[in-house]
Structures are given as structure tokens and as C-alpha cells.
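A look at the structure
Chain residues, written in single-letter form:
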Amino acid sequence: MHIGNFKVLIDLIENSSFSKAGALNGVTQSAVSQQLRAMEKHFGALIVDRGQKQLRLTPEGVHILKAAKRILREYEAVRAELLEMKRIVGGTIRIETIYSIGLHELPPLVKAFGAEYPDVRFHVEYRRAAQIYEDVLKGEADIGMVAFPPKHHLLEIVPFKTDKMIVICAPRHPFARRASVTLKEIAAQRVVGFETDTPTRKVTDGVFRKAGFSVVPVLEFDNVETVKRAVEIGEGVAIVPEVTVAQQKKQKTLACVPIKGVEILRPLAVVYRKGATLSPAARQFIHQGIK
């Protein structure tokens, strides 16, 4: 059995898809299935319960997956150390990010960093903010990329950008013809919002409360892409980071309107565990790649 089998297993479980795991590892869906059977034969234990509609680990599979992640981390650490001895920045950076950063802020950073350091690979997973903090603290991810990062005695926080929040609406909405709108006018509309436990929702709720208004969204979602889609089809208006709607603004599927009388800014940051032994690649990305 090869170290690559562990990565295939991890990708299979994290994506709940044989085809996605195959694509991530440059093999066919059939090859992933064959590797899984080979691992089960090697360990003499069933890893995945095939009687379920969704991929579900057996108790033995849970244990094997944890071991696979630990072994793969150690392997990547050794590989990174050897590359560092040769003065080569390489290895895999495990990043967990919220959707808006992962889809709109991270790709150009990865592209630019990869062009300068071609031996570096990125393993990116999308998570809710609370899960990102938990995984970073447990060592499941090297770094997290979040918005509105709270101070935490066990986390290092490295700010890298500040987004401006704006109102979006469908092109035929009355707001689309406005130069700006007030919080009072927004509060009187049907509002599409983020779920209550997301940092962005907590901040925008606080802005409305401070101004003396209460907003109860008609729809709530956990990511900006779904919020945008709901607004596009006329479900209401929303407050989102301006950078996330650049494409829709260009295509004129959404109208973007500034908020009058108040500026809502969304700070973005990279977080990692204090005292963590980061790979040279991760350190370089934090101190150079996100600038």
C-alpha cells in the first residue's frame, strides 16, 4: 500500500464522491473504488458502509481515516523539511476557508504564489467559520481564512484585506435606480440574509440595531453564492461584500448600491494556531502570498 492511498481515502470521504476523489488524484472513479477495496483487504476491515445512500464510515473506517490524516500530515512535514534543506519551498498547504474568500479572494493569491513556488500544492476546503477555528486549533488545517476574526488566546491573526459591504438587488428593483439607500429604506424591504451564526450576519444585525432598526430576513443562507442567486430571482435585497458581485455587476444580473450614512467594512484574516510548526510553504504564504 502506498501513501497516495491515504490521500485518496481522505478525498473520498471529505467529498462523498468517488468521481471527485478520482479527479483530485488524477485517477478514474473505478480506480478509487479499487484502491478502497485494496485498503479494506490490507487492513482486514470494512472502511465504508456500502449499504447507505451516502458514504458512511464504519467504526473501523473512522479509526483508519484518523490514522490516514495523521500519517499524511507527517509525510508532508518530512517532505517539506527535506525541500527546506534544499532551500526549495514546497509541500502541501492545507487551507480551510469560508465560501466568499475561497471563491473570490483566494484564487488569485494561489495563482500568484504557485507561479513563484511551483512545488507548493494547495488543499482547500470550504467550511463555516466556527468549524474553521476548531479545525485550525486541532491541527486539521494549517491555516484558516475568515472574516471578522475574533481575538483568541490560542490563535495568531494576520489581517490581509478589508472588504466594503454594499446592497444588491435585482436590476428591476426600485433600488437599482438609486445612487444610494439608507438603512431605514433597506429595513423596509424584503431582506435576504446570512444565517444567524455567521460573523457577517452578526455584524450587520448590530449595525441595524445601533441605528434603531430590526431586520428579520425572509430567507437565510450560509454562503454568499446562494444569497446572490436568491436576490437575482427577485426574492429581496441583501448586504454582501462588494468583491463577491463583480461578475454579476458586469453581466448586469445584479445592481449594486452603496449604503448611505454608514460604512460597513468586513476585515479578512488568516488564522493559525499559536506555537504551531508551520511548513516553510505555509509560513511563506502567510508572510508573502497574502500581501
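For the structure given in this document, a descriptive report is provided here. (Residues numbered from 1 in each chain as written. Predicted model: local features only at pLDDT ≥ 70, side-chain atom pairs only at ≥ 80, totals over all residues. Heavy atoms only, no water.)

The number of helices and strands found in the chain is 11 helices and 11 strands. The principal-axis extent of the C-alpha atoms belonging to the chain is close to 65 × 50 × 35 Å. With 291 residues in all, the chain has 44% of them scored as buried. Look at the contacts in the chain between residues 6 or more apart in sequence, and 72% of them connect residues 24 or more apart. On the chain, roughly 15700 Å² of surface is accessible, and the fraction owed to carbon and sulfur atoms is 53%. (Helix = DSSP H or I, 4+ residues; strand = E, 2+ residues; numbered from the N terminus. Buried < 20%, exposed > 50% of the residue type's maximum accessible area, 1.4 Å probe, protein only. Contact = heavy atoms within 4.5 Å. Areas by Shrake-Rupley, 256 points an atom, 1.4 Å probe, with all protein chains shown as cover.)

On to empty space enclosed by the protein. Using the criterion set out here, one finds 2 cavities of 30 Å³ or more in the structure. In this structure, the largest cavity spans a volume of roughly 140 Å³. Around the largest cavity sit 14 residues that line it, and Val 191, Gly 193, Thr 204, Phe 208 and Ile 239 are the ones nearest its centre. For the lining of the largest cavity, the secondary-structure elements that each account for two or more residues are strand S7 (192-194), helix H8 (199-210) and strand S9 (238-241). The leading source of residues in the lining of the largest cavity is H8, at 4 residues. In this structure, the second largest cavity spans a volume of roughly 30 Å³. (1 Å grid on protein atoms, 1.4 Å probe; cavity = no way out; pocket = protein on both sides within 12 Å on 5 of 7 lines; lining within 4 Å. Points joined across faces, edges and corners; volume = space filled by probe spheres on them.)

Among the nonpolar cores identified, the biggest contains 33 residues, and Ile 93, Ile 143, Met 145, Phe 160, Val 270 and Phe 285 are the most heavily contacted of them. Breaking this core down by element, the ones donating at least two residues are strand S3 (91-97), helix H5 (99-116), helix H6 (129-138), strand S5 (143-147), strand S6 (155-169), strand S11 (265-273) and helix H11 (280-289). The residues contacting Phe 285, other than those within four sequence positions of it, are Ile 93, Ile 95, Leu 106, Leu 109, Phe 113, Phe 122, Ile 143 and Ile 290. Listed in part, the 17 residues of the second largest apolar core include Met 165, Leu 183, Val 237 and Ile 264. (Core = buried A, V, L, I, M, F, W, Y, C linked by side-chain atoms within 4.5 Å.)

Moving on, we come to a nonpolar patch on the surface. Where nonpolar side chains cluster on the molecular surface, the patch consists of Tyr 99, Leu 103 and Tyr 126 and spans about 250 Å² of accessible area. Note on placement: Tyr 99 falls in helix H5. For Tyr 99, a relative accessible area of 34% puts it in the partly exposed group. (Patch = residues over 30% accessible without salt bridge, like charges linked within 9 Å, V, L, I, M, F, W, Y side chains within 5 Å. Salt bridge = Lys/Arg side-chain N within 4 Å of Asp/Glu carboxyl O.)

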